[in-house]
Structures are given as C-alpha cells and as structure tokens.
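So the chains spell out like this:
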Amino acid sequence: MTDTATAAPAPAPAAEKHKPGWLGAVTDYGPIVLFFAVYKYYSPEDRSSMVGEIAAVVKGTIAFMIGAVAAFGISLFKFRRVSPMLWLTTAMILFFGGLTVWTQDPAWISHKPTVVYVFGATMLLGGYLRGKALLKVLLGAAFEGLDDDGWMKLSRNWGLFFIALAVINEVLANRDWFTFDQWLKAKLWLFLPLSFAFTFAHMPMLLRHGLASEDKDEAEAITPHE
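Here is what the cut-offs are and how they apply
Residues numbered from 1 in each chain as written. Predicted model: local features only at pLDDT ≥ 70, side-chain atom pairs only at ≥ 80, totals over all residues. Heavy atoms only, no water. Helix = DSSP H or I, 4+ residues; strand = E, 2+ residues; numbered from the N terminus. Buried < 20%, exposed > 50% of the residue type's maximum accessible area, 1.4 Å probe, protein only. Contact = heavy atoms within 4.5 Å. Areas by Shrake-Rupley, 256 points an atom, 1.4 Å probe, with all protein chains shown as cover. Core = buried A, V, L, I, M, F, W, Y, C linked by side-chain atoms within 4.5 Å. Phe/Tyr/Trp six-rings, centres within 6.5 Å; stacked < 30°, edge-to-face > 60°. Expected span 1.5 Å × (residues − 1). Salt bridge = Lys/Arg side-chain N within 4 Å of Asp/Glu carboxyl O. Patch = residues over 30% accessible without salt bridge, like charges linked within 9 Å, V, L, I, M, F, W, Y side chains within 5 Å.

What to know about the overall build of the protein chain
A count of helices and strands for the protein chain gives 9 helices and 0 strands. Its helices and strands taken in sequence order, the protein chain reads α-α-α-α-α-α-α-α-α from the N to the C terminus. Buried positions account for 46% of the 226 residues belonging to the protein chain. In the protein chain, once contacts between residues fewer than 6 apart in sequence are set aside, the share between residues at least 24 apart is 68%. Carbon and sulfur atoms provide 68% of the accessible area of the protein chain, an area that totals close to 12,200 Å².

What to know about the nonpolar core
Formed by 44 residues in total, the largest nonpolar core has its most connected members in F35, F180 and L184. Breaking this core down by element, the ones donating at least two residues are α1 (21-42), α2 (50-79), α3 (84-103), α4 (107-129), α5 (135-139), α6 (148-172), α7 (180-201) and α8 (203-208). Filtering out sequence-adjacent residues up to four positions away, F180 remains in contact with F35, Y39, E53, V57, P106, I109, S110 and R175.

Here we look at the packing of aromatic side chains
Inspection of the entire model under this criterion finds 11 aromatic pairs. Ring geometry for F35 and F64: centres 5.1 Å apart, planes at 10 degrees, overall stacked. On the criterion of sequence distance, the pair formed by F35 in helix α1 and F64 in helix α2 is long-range, its members being 29 residues apart. The pair formed by F35 and F64 is uniform in burial state, with each residue classed as buried. Ring plane angle 40 degrees and centroid distance 5.3 Å describe the contact between F180 and W183, whose orientation is recorded as tilted. Of this pair, F180 and W183 both sit in helix α7, 3 residues apart, roughly one helical turn. The exposure class of F180 is buried, given its relative accessible area of 5%. Through a chain of ring-to-ring contacts, three or more aromatic side chains come together here, namely F35, Y39, F64, F180 and W183.

Here we look at α4
For α4, with 23 residues, the first-to-last C-alpha span of 33 Å sits near the 33 Å given by 1.5 Å per residue. Among the residues of α4, those classed as buried are I109, S110, K112, P113, T114, V116, Y117, G120, A121, L124, L125 and G127. In the stretch just after α4, G131 is the one whose phi turns positive, near 80 degrees.

Brief notes about the pattern of salt bridges
Scanning the entire structure with this criterion turns up 2 salt bridges. The salt bridge partner of K153 is D149, with a shortest N-O separation of 3.7 Å. Here K153 pairs with D149, and both are found in helix α6, just 4 residues apart, close to one helical turn. Linking D181 and K185 is a salt bridge whose minimum nitrogen-to-oxygen distance equals 3.3 Å. Taken together, the residues span about one helical turn, with D181 and K185 both in helix α7 at a distance of 4 residues. Exposure remark for D181: the relative accessible area of 9% places this residue in the buried category.

Points about a nonpolar patch on the surface
Taken together, the side chains of L160, I163, V167, V171 and W177 present a nonpolar region at the surface, about 480 Å² in accessible area. Relative to the elements of secondary structure, V167 occurs in helix α6. Classification of V167 as exposed rests on a relative accessible area of 51%.

See below:
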C-alpha cells in the first residue's frame with residue numbers, strides 16, 4: 001500500500017504563457033490607424049482650407065487619445081500587465097494630443113514620435129554603454145531562451161534604429177517640406193514597414209542566441225513603435 005502521507009506533492013502546472021497575437025497588434029497600432037481614419041474622414045475637400053484642416057487634425061487627435069486609452073485598458077485587462085513602453089507612449093499621446101487640441105496646432109502631435117524615439121534611444125544606448133540590456137525592461141517582454149549577448153545586441157541595434165526614426169520623423173514633420181497629410185501617410189506606409197523589416201532582419205541573430213523557435217512569431221510581432 002502506498003504511503004500517501006509521505007508522497008511528494010505533484011508539481012504545480014506551469015503558468016500559461018499569454019502571447020499577444022492579433023490583439024497585441026491592435027493595441028500597438030490601433031490608435032494610429034484610428035487617427036488616420038478619423039482625420040481622412042473629416043479632411044476638407046479644399047486642402048487649402050486651414051480651418052477645415054486643423055479641425056480634422058483635432059478630431060483625429062481626440063480619436064487617437066481615446067484609442068490610446070482603450071489600448072492601455074485592453075492590455076491591462078487581457079494581459080494583466082502594461083509594458084513600460086506602452087506606459088510611455090500612452091502618456092506622450094495624452095500630453096502632446098492635449099496640447100494639439102488646446103493650441104489647435106498640429107505641430108505638437110507631429111513631433112511627439114521624435115520625443116519617444118529620442119527617449120528610447122537614450123535609454124537603450126545608455127544601458128548598452130553600461131553593459132545593461134534595457135530593451136527587456138522597456139518592452140516588458142522576454143523572448144524564451146534569448147541569452148544576454150542577444151539582448152545586448154538587440155538593445156544596441158534598436159537604439160540606433162530609434163535615432164534613425166527620430167531623424168526621419170523630424171524631416172517629415174517640417175511643414176516647409178511636407179504636409180501634415182504626407183506625414184500621417186508616412187506613419188502607416190513608411191514607419192510601420194521599416195519597423196517590421198527591421199525586426200524580421202534580426203530573426204537569424206535571435207535564433208543563434210537561443211530564441212526558442214516557438215517564440216519566433218511573437219518576436220516578429222514586437223516591433224519598435226511609438
């Protein structure tokens with residue numbers, strides 16, 4: 001007869017790992033898509049109408065702010081966590097969005113990404129120079145099996161990439177060269193493809209540094225964004 005009193009307890013089941021999947025993409029990019037849709041819907045047919053243009057930007061900005069708060073709430077409710085990057089971007093959207101609505105000046109929301117990118121680059125490259133991979137902290141996500149050297153290389157490369165995005169955004173935000181509409185289109189058709197291409201290009205390096213093959217899709221879904 002087995003002595004149940006002295007039997008070792010069964011190991012507790014491992015905690016289920018929640019992967020963001022399509023919902024994570026919605027919380028990441030939903031607000032900017034909503035901004036674009038509302039702005040385009042209210043844009044005046046006469047693009048020389050500054051009053052109509054500013055009104056469309058303000059309405060799009062309000063939608064952007066609502067979308068950002070909704071994305072924050074979804075992340076908190078569904079994933080039971082909010083990454084430091086999402087905390088930062090939500091705060092920046094509300095701050096610069098509020099300034100845009102208050103001053104009726106689209107320049108505030110145009111320069112917001114630059115502030116986020118410069119902050120991210122400073123954090124990542126500063127940590128890299130001190131021998132710390134702050135990308136893991138900034139994103140609040142760890143890829144299963146990725147070693148410290150892999151995290152260091154990824155932090156360095158994303159820091160440099162953020163600098164490049166900051167420069168591109170400042171060029172596009174210059175109203176002497178590009179319109180607000182052109183800047184907004186670049187957010188969808190330039191910045192997002194660049195970010196996904198950048199992330200995908202790192203897959204061989206991440207796999208060499210121990211990234212578990214089952215986490216490959218998750219790693220590809222996490223891209224630098226603001």
